[in-house]
Amino acid sequence: MSGCRVPQLSLNRPAWLSPSVARTEVLGGLVVALALIPEAISFSIIAGVDPSVGLFASFTMAVVISVVGGRPAMISAATGAIALVVAPLAREHGMGVLVATVILGGLFQVALGALGVAKLMRFVPRSVMVGFVNSLAIMIFMAQVPELIGVPWAVYPLFAAGLVIMVLFPKLTRVIPAPLVSIVALTAVTIAAGIAVPTVGDKGALPSSLPVPGIPAVPLTLGTLQLIAPYALAFALVGLMESLMTAKLVDDITDTRSNKTRESIGQGIANIVTGFFGGMGGCAMIGQTMINVKTAGSRTRLSTFLAGAFLMVLCIVFGPLVSQMPMAALVAVMVLVSVGTFDWHSIAPQTLKRMPAGEIVVMVVTVAVVVATDNLAIGVVVGTITAMVIFARRVAHLVEVTSVTDPDGGQVVYHVTGELFFASSNELVHHFDYAGDPDDVVVDLTDAHIWDASTVAALDAITTKYEARGKRVDIVGLNERSAAMHGRLSGELSGSH
């Protein structure tokens, strides 16, 4: 039996059980947790809530999404985009309404995910995506300005020192996040020198224990639903947009595919859980995800789970120290985040010279609407609609109509080339010489395609105009789908038939 080979059984163990992979995932999770602390606190301040609210959200989002999400190694936590959406609620109506909005927003995300909203992302043009990112960067920057007005003079050198550290430190090593190094250094300086500047502790107390679940203290009435529903829908859309954008980015970096529908539903579940634990909600974080995937080399769900777990350990154990962080350090972090988030290449003169005018208009419209409304979702929707209108106008002009008359003058053939839909077919009727053409007219659509009822109505109008003059029209060359639509709708779109 020595010639027989015993087949080895495959246990299909999770990849992170491998010691080498586990080490990478643990270090990745720790580095991300360290980087999450300052940003979670900063985003809490943007939202106008206690730092513990953002930290709890980052903890629950990361832990839950590590199980139910569709993109392994992607980090979800409290984000600036979500903070900007919920800030008006926290400021005007309090935490109860904010938490209820997070839960409803999570329910919207589950519903949108189940309905296949992830597939709609392909209809969001790149110019809108660029405008979205640039808008987010502008809004994060603008949210920092109040922290630099009417403050002690010492804030300004601390702020400048924080920027210098974060710019220069990565040249030495990228193993430790530069924002963390900057915050630790500035905190040590302010404590040692006794410099009196605004601190994180001035914004509210950090958590000293794990979050506990609870029901939001809001009246369960139609009025409450009418108040929170618009914000919850904006919350859901912004969260899904940023999460799906980040998931696609990780797919490209790792050369793998992820389940975008599962990710959409998972984001909703994570936000529902976060809401019941008193968090401000969140979505995927591009910066922390890049730290985890590119810097640390993480690839599994373990790093995402540990990022949340380590975050709570650091807060509960080192809370008193974290509360002494100077606000100047956090403002410096957020300013650099905004600078790093902005797509500077998109506004470079060389890029603008090569970019079609329509693409530039879409990007500018997206940014302008977001900044004017303080709502990222509205900006993306308006930008996408603008892009579709510009695209429709551009395609409409690509339709060509040429005519060839027989030498004996008995017949004229019109060749129509292009995509025929409402924007192009409305002008189609003006390309024919109804009075001057011979009695036999052929409309050749071999190189065209009928997309909608507007085109069928236009062809009917052309036929009617010729028939009113006693002339016969033949429509030829229809492909299978065009012929089916024309046959089904021709003569049925006008009350005169």
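Residues numbered from 1 in each chain as written. Predicted model: local features only at pLDDT ≥ 70, side-chain atom pairs only at ≥ 80, totals over all residues. Heavy atoms only, no water.

Chemist: I keep staring at empty space enclosed by the protein and nothing clicks. Help me out?
Modeler: Unfilled space is identified by rolling a water-sized probe across the atoms. A full pass over the atoms with the stated rule returns 5 cavities of 30 Å³ or more. Roughly 60 Å³ of volume is contained in the largest cavity. Lining the largest cavity are Arg126, Ser127, Val130, Ser346, Leu352, Met355, Glu359, Ile360 and Met363. Broken down by secondary-structure element, the contributors of at least two residues to the lining of the largest cavity are α5 (126–144) and α14 (357–373). Partitioned by chemical class, the residues of the lining of the largest cavity number 5 nonpolar, 2 polar and 2 charged. (1 Å grid on protein atoms, 1.4 Å probe; cavity = no way out; pocket = protein on both sides within 12 Å on 5 of 7 lines; lining within 4 Å. Points joined across faces, edges and corners; volume = space filled by probe spheres on them. Helix = DSSP H or I, 4+ residues; strand = E, 2+ residues; numbered from the N terminus. Nonpolar A, V, L, I, M, F, W, Y, C, P; charged D, E, K, R; others polar.)

Chemist: Honestly, the pairing of strand β4 (residues 411–420) in this entry has me stumped. Any pointers?
Modeler: In summary, the side chains of a regular strand alternate between the two faces of the sheet. Across 6 bridges, strand β3 (residues 400–405) lies against β4 in antiparallel orientation. Along β4, the bridge assignment pairs Ser403 with Tyr414. Counting the residues between successive antiparallel strands, the hairpin from β3 to β4 contains 5 residues, one of them, Gly409, with a positive phi of roughly 75°. Of the pairings in the sheet, the one linking β4 to strand β5 (residues 440–450) comprises 9 bridges and is parallel in character. In the sheet register, Val412 faces β5, and the bridge partner there is Val441. (Pairing = 2+ DSSP bridges.)

Chemist: Explanation requested: the pattern of salt bridges in the structure shown.
Modeler: Pairing is possible between side chains that carry opposite charge, provided their charged atoms lie close to one another. Tallied over the entire structure, the rule returns 5 salt bridges. Two residues, Lys248 and Asp252, come together in a salt bridge whose shortest N-O distance is 3.5 Å. One end of the pair, Lys248, and the other, Asp252, are both in helix α8 (residues 222–254), 4 residues apart, so they sit about a helical turn from each other. Lys260 is the salt-bridge partner of Asp251, the closest N and O atoms lying 2.4 Å from each other. Given the relative accessible area of 9%, Asp251 is considered buried. (Salt bridge = Lys/Arg side-chain N within 4 Å of Asp/Glu carboxyl O. Buried < 20%, exposed > 50% of the residue type's maximum accessible area, 1.4 Å probe, protein only.)

Chemist: I'm lost on α8 in this one. Help?
Modeler: Since the α-helix turns once every 3.6 residues, residues separated by three or four places project in the same direction. Taking 1.5 Å per residue as the helical rise, α8 with its 33 residues ought to reach 48 Å, and the 46 Å between its terminal C-alpha atoms agrees with that figure. At Ile228, α8 is bent by approximately 35°, the largest bend along its length, and proline Pro230 sits one to four residues beyond. Asp255, located one to two residues past α8, shows a positive phi value of around 55°. (Expected span 1.5 Å × (residues − 1). Bend = angle between axes of the 7 residues up to and from the residue.)

Chemist: What should I look at first to understand the layout of surface pockets in this one?
Modeler: Of the voids in this model, the largest pocket is the one considered here, and its volume is about 1500 Å³. Taken together, 46 residues form the lining of the largest pocket, with Leu249, Ile286, Gly287, Met290 and Gly340 sitting closest to its centre. With 7 residues, helix α10 (residues 286–295) is the single largest residue contributor to the lining of the largest pocket. Residues belonging to the lining of the largest pocket are distributed by class as follows: 28 nonpolar, 8 polar and 10 charged. Its boundaries defined by the atoms lining it, the second largest pocket holds a volume of some 450 Å³. The wall of the second largest pocket is formed by 20 residues, among which Ala387, Met388, Phe391, Ala392 and Val395 lie closest to the centre. Every element with two or more residues in the lining of the second largest pocket is listed here: α14 and α15 (376–396). It is α15 that contributes the most residues to the lining of the second largest pocket, 7 residues altogether. Here the lining of the second largest pocket is built from residues that sort into 13 nonpolar, 2 polar and 5 charged.

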